[in-house]
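Commentary on secondary and tertiary structure
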Amino acid sequence: MAFSYAIKCLTLLVVALLITISSADQALIKSICSKARNQALCYNLFKNSGNSDRGGLGQISTNVALGKAQTTQNLVKSLAAKETDPKIKAQYNTCLEVYGDALDNLNDCKPAFAKNDFSTANIRASAAYTDVDTCSDDGKNVAPQLKAANQENQDYIDVVLAVSNIH
């Protein structure tokens, strides 16, 4: 009888702890996403994040941003290969270079988040954002799908910045 009571109490304690952890996770996500430019994207990105801490959320957002940046770099390669206008081709070459830099900077965020070094993650994510912005600024005459991809990349990197920069 006492054993059964102890099991019931332990079960209630575990459930209460899980609810508390889940609430803390939601509070962290809310704090992060409130700082993101595209809050809906941010919440969607973290909807299946489980019990991730801030460093884990940084890893999640960085991995997605890396995937988006790699896809965009591949798009730029394809567009550059087909382009005949030398001015636009030069813009694509600039974009290729800066997307390479953005990928390097985002890759540097991963070990920083793993060590909870949010300052370094913030510096690298900020540099990646600037890299993508350079392609946007230089790409006045580029294909519409690249303009859209640049905006999407900035939105994802902005989430990485939000994770690295909450107080």
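See the structure above.
The structure contained in this document is the topic of the report that follows. (Residues numbered from 1 in each chain as written. Predicted model: local features only at pLDDT ≥ 70, side-chain atom pairs only at ≥ 80, totals over all residues. Heavy atoms only, no water.)

1. Notes on the state of the cysteines
Let me state the cut-off plainly: A pair of cysteine sulfur atoms is labelled a disulfide when the two atoms are within 2.5 Å. Between buried and exposed lies partly exposed: a residue is buried under 20% and exposed over 50% of the maximum accessible area for its type, with that area taken using a 1.4 Å probe on protein chains only. Counting from the N terminus, the helices are DSSP H or I runs at least four residues long and the strands are E runs at least two residues long.
With the rule as written, the count across this model stands at two disulfides. Shown here is the disulfide that connects cysteine 33 with cysteine 42, its sulfur atoms set 2.1 Å apart. Of note, the bridge from cysteine 33 to cysteine 42 carries an S-S torsion of about -80° and is left-handed in sense. Of the residues examined, cysteine 33 reaches a relative accessible area of 0% and is grouped as buried. With a relative accessible area of 0%, cysteine 42 lands in the buried category. Covalent S-S linkage joins cysteine 95 and cysteine 135, the inter-sulfur distance amounting to 2.0 Å. Residues cysteine 95 and cysteine 135 are joined by a disulfide whose S-S torsion is about 95°; by sign, that bridge is right-handed. Of this pair, cysteine 95 sits in helix α4 (residues 86–114) while cysteine 135 sits in helix α5 (residues 118–138); the two residues are 40 residues apart in sequence, bridging distant segments of the chain. Cysteine 135 matches cysteine 95 in its accessibility class, with the two residues each being buried. For the protein chain, the bonded cysteines pair up as 1-2, 3-4 when numbered in the order they occur along the sequence.

2. Details of the environment of asparagine 150
Basically, it comes down to this: In this description, contact between two residues means that some pair of their heavy atoms is separated by no more than 4.5 Å. Counted as a polar contact is a pair of N or O atoms within 3.5 Å, where, for protein atoms, one must be capable of donating a hydrogen and the other of accepting one, and residues adjacent in sequence contribute only when both atoms are in side chains.
Structurally, asparagine 150 is set in helix α6 (residues 144–164). Sequence spacing of asparagine 150 and cysteine 135 is 15 residues, and the spatial spacing of their C-alpha atoms is 7.4 Å. Residues within four places of asparagine 150 in sequence aside, it is in contact with Thr72, Tyr99, Val132, Cys135 and Ser136. Among the polar contacts made by the side chain of asparagine 150, one reaches the side chain of tyrosine 99 at a distance of 2.6 Å.

The values reported here are purely geometric and, on their own, carry no functional implication.
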